[in-house]
Amino acid sequence: MSKSNVAKFFDDMSYGPAPEADTEARAWLKNHGSAFGHFINGEFVASKGGKTFVTHEPATGADLAKLAIGTRDDVDAAISAARKAQAQWSKLSGHQRARHLYALARMIQRHGRLLAVVEAIDNGKPVRETRDIDVPLAARHFYHHAGWAQLSDTEFFDHVPVGVVGQIIPWNFPLLMLAWKVAPALALGNTVVLKPAEFTSLTALLFAELAAAAGLPAGVLNVVTGEGETGAMIVEHDGIDKIAFTGSTEVGRIIREKTAGSGKSLTLELGGKSPFIVFDDADIDGAVEGVVDAIWFNQGQVCCAGSRILVQEGVAEKFHARLRRRMQTLRVGQPLDKAIDMGAIVAPVQLKRIETLVKQGVDEGAELYQSDIELPKTGSFFRPTLLANVQPTSIVATEEIFGPVAVSMTFRTPDEAVQLANHSRYGLAASVWSETIGLALHVAARLQAGVVWVNATNLFDAAAGFGGKKESGFGREGGKEGAYEYLKPKAWSKAKPRHDYVVPQLRTTSGDFAAPLIDRTTKLFIGGKQARPDGNYNRPIVSPKGKLVGEVGEGNRKDIRNAVAAAQGASGWGSATAHNRAQILYYIAENLSGRADEFVARIAAQTGRTPGSARAEFDMAVSRLFTYGAWADKYEGLVHQPPLRGVALALPEPQGVVGVICPPEAPLLGFISLVAPLIAVGNRVVAVPSEPYPLSATDFYTVLETSDVPAGVVNIVTGSAMELGKALATHNDVDAVWAFGSQALTEMVEKGSVGNLKRTFTDNGKAFDWMDPAQAEGPLFLRKATDVKNVWIPYGE
């Protein structure tokens, strides 16, 4: 070969095909007659309805297998099997479950090549990715959670399994999403009914077959295939204790609404439009390679794909030139070719959506650039695409395309970068590229995202939790925070249904004055000031014997609006030092303790309880303030050491503005038990006090006024729990709602939360014992008050 030919080879870097053999995968399909029933109670069974659908190979469009469509009878059978198995599975020791999970991890490794090839054929992604990323990470999740199973008796001694878990997984990472969900569920004593995506069910069925061969007891893992209707049956089934869903935000909203008031635990990992921020001091070539991993990995069919590129103006021209040059070297081809960068889009319907959105982006003024490369003649393929000079309000900048399409815009300052990055209804992930680590971490802390990668992208590990904020869903998968999603506190499982509270009626006799001649109506407390209610209506507060104790303002939707605005304005509380918050909580407790007789008398007058009982509540309220003063600077994050040269910082962050509907009982203690943990970790609160006994909370704002609490951190609006709770649940500037009261209140709040998918913490109509620290204080409440952000920081060799 001449020198000129060698030079030409290095110039064009052309590759020949390097196909992976699919003999074993095709043999597995043939062994099943390319037709599968559901996997229920340890064996494949035909659908009771007899209906089937055909799944296709994305790269060729050819028929791949015939799958059963799950009916209500099939779902009933799977849940019945899971319920029966759960009784025994949960009674196994942690060590016994750990051995099963270890066996599953080894089974994945032993059959790794078969799983990788089936996944590539079924999904269309490159076998290089399934072989080197999906399968090893799936095994890692089972190994990691085998460890949590082994340690569960000591690490989670005060928790019990949720029960039977319905899990619905997407088509973009079929095997990996199965591992993310099944591993923690089984490790902690739950059993599973899994519904894979209709496009990509094969690796779930293969895994179930391998799990049975590994000795997993029948009924512990059940797989029901089908379309959206099958998933809906699982969501709505009374025999399901928890739903874990990964998929679109639109479907996530439906699931939140359908499960409202059911008592089902819920985690949602939804869509994203993740920012990829490049500062002018970044390693440009490194950042360009980062874009390749961020948006062209798995054909861009990644919920956390770095699809919004934000480049500082000074390097934008250079960055885009190098990015366009790099795009020309990407190879799109058959998934089993080990030398390709991108495979096929999962289905024609998804390809059509990508094409439509790109056209809309161009129509709105975006500059289109696509790789000038040859695509396969058949199947669903799309070129690597860049849309430059996109406006922040363009549809391609706001909507998740879920394809190999990056959109790009520029910024001038770090503040503008943060503003653009956070200008999204999503909050799943982000990447920050800068050689100045101080700048990168400063920006990372301000980003509204559950995961932030510094000078990297799309890093995952079973030890580091993954999940989003805002309309990217709630809950975490992986890490210890993900393990808690499959557990419930033992103390809460003892709670009994709350009895109905009947507001006493005012009783008057001849000669009595129903109210004092001087107006002493208690006002609302908004933005650090006492405020009259918008409607100028008041409500009497009456003792159980019918005697007037006082009057409070009747708050309405506008009062909630004003209180939320005040809370938004107090955002500095979240960035205050934990030491400062601790001092203020101690100060509140000190000032409250000096007014013991007054508060004890008020509790007794409202509730009709004995002075001794009222005193016990007051003393516990002071103690609880001290408890959260103590926790304020001790509820800290972790440093994960994933299997790479780097660390992942797991940082608990406040959720933001939280609406609180206090329980009707325990007027002072219930209020403090909910408000104190929230403000201890940096949230701002709009609280609705006990509806029948609100005067303890309105007396408490006079304590806040003298305790250095910044204006807007705690706001108090009295009135109807249902009416004010609805205003909080539907308010898009409220980030979470805690609601304790009737079962109807729980259902209303959870349904109302679907607008911006705010977090909810409710008692589902059960009465807590607020005097019992095991039920009513500590890390249980602090976990509910925070989201964990994982910041990944690779540091090289």
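Presented here is an overview of the structure given in this document. (Residues numbered from 1 in each chain as written. Predicted model: local features only at pLDDT ≥ 70, side-chain atom pairs only at ≥ 80, totals over all residues. Heavy atoms only, no water.)

Observations regarding the overall build of the chain
Along its length, the chain carries 29 helices and 36 strands. For the chain, the C-alpha radius of gyration of 28 Å lies close to 28 Å, the compact-globule estimate for 797 residues. The principal-axis extent of the C-alpha atoms belonging to the chain is close to 110 × 60 × 45 Å. With 797 residues in all, the chain has 58% of them scored as buried. (Helix = DSSP H or I, 4+ residues; strand = E, 2+ residues; numbered from the N terminus. Rg over C-alpha atoms; globule rule 2.2 N^0.38 Å. Buried < 20%, exposed > 50% of the residue type's maximum accessible area, 1.4 Å probe, protein only.)

Here we look at the sheet that holds strand E1 (residues 35–36)
Taken together, the 3 strands give an open sheet; going across it, the order is E1-E5-E4, and neighbouring strands pair in mixed fashion. Edge positions in the sheet fall to E1 and strand E4 (52–56), since each has one partner strand and no second. Of the strand pairs in this sheet, E1 and strand E5 (residues 63–68) are connected by 2 bridges, and their pairing is parallel. Considered in E5, the bridge of Ala-35 is made with Lys-66. (Pairing = 2+ DSSP bridges.)

Concerning the sheet that holds strand E28 (residues 638–640)
In a beta sheet, neighbouring strands pair by backbone hydrogen bonds and run either parallel or antiparallel. One open sheet accounts for 10 strands, arranged E14-E15-E16-E13-E12-E18-E19-E36-E29-E28; its pairing is mixed. The sheet is open, and its two edges are formed by strand E14 (367–370) and E28, each paired on a single side. Geometrically, the sheet is characterised by an average inter-axis angle of 20° between neighbouring strands, direction not taken into account. As judged from the 3 bridges shared by strand E12 (residues 275–278) and strand E18 (residues 429–433), these two strands associate in the parallel manner. For Val-278, the partnering residue across the bridge sits in E18 and is Trp-433. In this fold helix H15 (residues 414–422) packs onto E12, strand E13 (308–312) and strand E16 (405–411), with an angle of close to 145° to the strand it touches most, E16. (Axes fitted to C-alpha atoms, helices over the stretch in contact; angles between N-to-C directions. Contact = heavy atoms within 4.5 Å.)

Looking at the pattern of salt bridges
Across all of its chains, the model carries 36 salt bridges by this definition. With a closest N to O distance of 3.0 Å, Asp-22 and Arg-26 form a salt bridge. You can call Asp-22 partly exposed: its relative accessible area is 22%. Residue Arg-26 is classed as partly exposed on the basis of its relative accessible area of 31%. Between Arg-253 and Glu-471 there is a salt bridge, with its nearest N and O atoms 2.5 Å apart. Residue Arg-253 is found in helix H10 (residues 249–259), and its partner Glu-471 is found in the loop between strand E20 (469–470) and strand E21 (473–474); the two are separated by 218 residues along the sequence. (Salt bridge = Lys/Arg side-chain N within 4 Å of Asp/Glu carboxyl O.)

So, the nonpolar core
Residues Phe-142, Leu-186, Leu-202, Trp-296, Ile-309, Phe-319 and Leu-323 are the most contacted members of the largest nonpolar core, which totals 117 residues. Looking at which element gives the most residues to this core, the answer is helix H7 (residues 174–187), with 11 residues. Discounting residues that sit within four places of it in the chain, Phe-319 has contacts with Val-278, Ile-284, Ala-287, Val-288, Val-291, Ile-309 and Val-311. In this structure, Tyr-628, Val-658, Ala-697 and Ala-736 belong to the second largest nonpolar core, which totals 62 residues. (Core = buried A, V, L, I, M, F, W, Y, C linked by side-chain atoms within 4.5 Å.)

Quick look at the side chain of Thr-457
Along the chain, Thr-457 falls in the loop between strand E19 (451–454) and E20. When neighbours within four sequence positions are excluded, Thr-457 is seen to be in contact with Phe-276, Gly-290, Asp-293, Ala-294 and Ser-431.

Some words on the packing of helix H4 (residues 94–110) against H7
Two elements in contact, H4 and H7, have axes whose closest approach is 9 Å; the angle formed by their N-to-C orientations is 160°. Compared by their axis directions, H4 and H7 come out roughly antiparallel. Where H4 approaches H7, its residues Arg-97, Leu-101 and Leu-104 are matched on the opposing element by Ala-183, Leu-186 and Ala-187. For the contact of H4 with H7, the per-class residue count stands at 5 nonpolar, no polar and 1 charged. (Parallel < 35°, antiparallel > 145°, perpendicular 65-115°, else oblique. Nonpolar A, V, L, I, M, F, W, Y, C, P; charged D, E, K, R; others polar.)

Comments concerning the pairing of E16
Burial of E16 is extensive: 6 of the 7 residues sit out of reach of the surface. Relative to E16, E13 runs parallel, the two being bridged by 5 bridges. Residue Gln-312 lies in a different strand from E16, and its bridge partner there is Phe-411. With 3 bridges connecting them, strand E15 (residues 385–388) and E16 associate as parallel partners.

What to know about helix H22 (residues 596–607)
Counted at 1.5 Å a residue, the expected span for H22 with its 12 residues is 16 Å, and the 17 Å between its end C-alpha atoms agrees. Turning to H22, its buried residues are Ala-596, Phe-599, Val-600, Ile-603, Ala-604, Gln-606 and Thr-607. Lining the buried residues of H22 we find strand E26 (538–542), strand E27 (548–553), helix H21 (578–593), helix H23 (611–632) and helix H25 (695–705). The first or second residue beyond H22 is Gly-608, which carries a positive phi of 80°. (Expected span 1.5 Å × (residues − 1).)

What about unusual backbone geometry?
Backbone geometry at Ser-34 places phi at a positive 50°, although glycine is not the residue there. You can see Ser-34 is positioned in the loop between helix H2 (23–31) and E1. The exposure class assigned to Ser-34 is partly exposed, which follows from its relative accessible area of 29%. One non-glycine residue, Phe-402, adopts positive backbone phi at about 60°. Note that Phe-402 resides in the loop between helix H14 (395–398) and E16. Classification of Phe-402 as buried rests on a relative accessible area of 16%.

Let's talk about H23
With 22 residues, H23 should cover 32 Å at 1.5 Å per step; its first-to-last C-alpha distance of 32 Å lies within 8% of that length. Three or more residues of H23 are buried, namely Ala-614, Glu-617, Phe-618, Met-620, Ala-621, Val-622, Arg-624, Leu-625, Thr-627, Tyr-628, Gly-629 and Ala-632. Buried-residue contacts for H23 involve H21, H22, helix H24 (669–680), H25, helix H28 (773–776) and helix H29 (779–784).

A look at the environment of Ala-105
Within the fold, Ala-105 resides in helix H4. When the C-alpha atoms of Ala-105 and Tyr-143 are compared, they prove to be 5.8 Å apart, with 38 residues separating the residues in sequence.

Points about the packing of H21 against H24
Packing of H21 against H24 leaves a shortest axis separation of 10 Å and a crossing angle of 150°. Comparing their axes, H24 and H21 come out roughly antiparallel. Contacts from Arg-581, Leu-585 and Leu-592 in H21 reach Ile-672, Ala-676, Ile-679 and Ala-680 in H24. In the contact of H21 with H24, the residues fall into 6 nonpolar, no polar and 1 charged.

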